[in-house]
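# Commentary on secondary and tertiary structure
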Amino acid sequence: QVELVESGGGLVQPGGSLNLSCAASGFFSSGAMSWYRQAPGKGRELVASITAAGGSTNYADSVKGRFTISRDNAKNTVYLQMNSLKAEDTGVYYCRIIGIPRATMRQSLYWGQGTQVTVSS
């Protein structure tokens with residue numbers, strides 16, 4: 001049974017920081033991991049992604065220099081450190097993992113349930 005458990009969201013003032021986590025279980029192996037977000041009334045957008053070995057990362061222009069994605073393969077967990085948060089960073093943040101579940105041994109794409117991030121004074 002594949003499970004992605006996100007945590008770390010919440011309410012923070014502008015300029016503040018949050019660290020999101022997404023712990024994956026049930027996988028034989030995990031490939032690329034990503035964070036997406038969806039603001040109210042808007043579509044889901046890519047925030048950051050990291051390759052399987054963690055050697056390469058990619059960021060949306062709007063978060064470059066403020067957010068850092070990382071992963072711990074021993075824990076099968078991906079993180080998103082968010083600094084200098086702005087009101088426009090508000091939204092539901094989702095992790096996405098491309099992986100091979102032990103149950104099927106077939107590569108597929110999986111989403112977390114989402115965690116709310118609200119940046120407001």
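Above: the structure in question.
As a starting point, this report considers the structure included with it. (Residues numbered from 1 in each chain as written. Predicted model: local features only at pLDDT ≥ 70, side-chain atom pairs only at ≥ 80, totals over all residues. Heavy atoms only, no water.)

What follows deals with the environment of Arg66. With respect to the secondary-structure elements, Arg66 resides in the loop between strand 6 (57–59) and strand 7 (67–72). Residue classification places Arg66 among the buried residues on the basis of a relative accessible area of 11%. As for Arg66 and Asn83, which are separated by 17 residues in sequence, their C-alpha atoms are 5.1 Å apart. If near-sequence neighbours (up to four positions away) are discounted, Arg66 is found in contact with Gln81, Met82, Asn83, Ser84, Leu85, Lys86 and Asp89. At a separation of 2.8 Å, a polar atom in the side chain of Arg66 contacts the main-chain carbonyl oxygen of Ser62. (Helix = DSSP H or I, 4+ residues; strand = E, 2+ residues; numbered from the N terminus. Buried < 20%, exposed > 50% of the residue type's maximum accessible area, 1.4 Å probe, protein only. Contact = heavy atoms within 4.5 Å. Polar contact = N/O pair within 3.5 Å; in protein donor to acceptor, adjacent residues only side chain to side chain.)

Our focus in this paragraph is the packing of aromatic side chains. Taken as a whole and judged by the stated rule, the model has three aromatic pairs. With a centroid separation of 5.0 Å and an interplanar angle of 65°, the aromatic rings of Tyr36 and Trp111 are classed as edge-to-face. With a gap of 75 residues between them, Tyr36 in strand 4 (residues 27–38) and Trp111 in strand 10 (residues 108–111) connect regions that are remote in the sequence. Tyr36 sits in the buried class, given a relative accessible area of 14%. Relative to Trp111, the ring of Tyr94 lies with its centre 6.5 Å away and its plane at 85°, an arrangement referred to as edge-to-face. In this pair, Tyr94 is assigned in strand 9 (residues 91–101) and Trp111 in strand 10, connecting sequence segments 17 residues apart. Look at Tyr94 and you get buried, because its relative accessible area is 13%. Relative accessible area serves as the criterion here: at 36%, Trp111 is assigned to the partly exposed category. (Phe/Tyr/Trp six-rings, centres within 6.5 Å; stacked < 30°, edge-to-face > 60°.)

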